[in-house]
Amino acid sequence: MIYINIFEESDKIVGEIIVDSYFFEKNKYDYAYYFFNNGKRVSGLSYSNSMEVSFNINDMRGDFYIKCYFRDKRDDSKIIHNSNILSINN
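Colleague: What am I meant to see in the environment of Tyr65 here?
Modeller: Structurally, Tyr65 is set in strand β6 (residues 62-72). Judged by its relative accessible area of 19%, Tyr65 is buried. The spacing of Tyr65 and Ile4 is 61 residues in sequence and 9.3 Å in space, taken between C-alpha atoms. The residues contacting Tyr65, other than those within four sequence positions of it, are Ile6, Tyr34, Phe35, Phe36, Asn82, Ser83, Asn84 and Ile85.

Here it is, written out as structure tokens:
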């Protein structure tokens, strides 16, 4: 199973890919990330080998999630996973 763990840390939203399978080869993929606030994409990062990402939120509030694209380095196929929604309303 693969999921994107999302949490707030010091005015940032952090996302980390969590994999609980011995068969997953993390070096087989590159990862790209899109960051959403209240359903609108506000930022993104191009493909890299990092399984963790952070986005500054400054004074943004509302609902946040991260969409992650896994790109297979061998055949360029893609898998997409979304994090759960994290609400920050204070």
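Colleague: Is there a simple way to explain the packing of aromatic side chains in this structure?
Modeller: Centre distance and the angle of the planes are the two values used to describe a pair of aromatic rings. Evaluated as defined, the whole model comprises 8 aromatic pairs. Centre to centre, the rings of Phe24 and Tyr29 are 5.3 Å apart; their planes meet at 10°, and the pair counts as stacked. Ring geometry for Phe35 versus Phe64: centroids 5.6 Å apart, planes at 10°, classification stacked. In this pair, Phe35 sits in strand β3 (residues 29-37) while Phe64 sits in strand β6, placing the two residues 29 residues apart along the sequence. Accessibility classification places Phe35 together with Phe64 in one group, the buried group. Joined through ring pairs, the aromatic side chains of Phe24, Tyr29, Tyr31 and Phe70 make up one cluster. One cation-aromatic arrangement involves Arg41 over Tyr34; the distance from NZ or CZ to the ring centre is 4.2 Å. Directly above the aromatic system of Tyr47 lies the positively charged group of Arg71, at a separation of 3.9 Å from the ring centroid.

Parameters at a glance
Residues numbered from 1 in each chain as written. Predicted model: local features only at pLDDT ≥ 70, side-chain atom pairs only at ≥ 80, totals over all residues. Heavy atoms only, no water. Helix = DSSP H or I, 4+ residues; strand = E, 2+ residues; numbered from the N terminus. Buried < 20%, exposed > 50% of the residue type's maximum accessible area, 1.4 Å probe, protein only. Contact = heavy atoms within 4.5 Å. Phe/Tyr/Trp six-rings, centres within 6.5 Å; stacked < 30°, edge-to-face > 60°. Lys NZ or Arg CZ within 6 Å of the ring centre and 35° of its normal.

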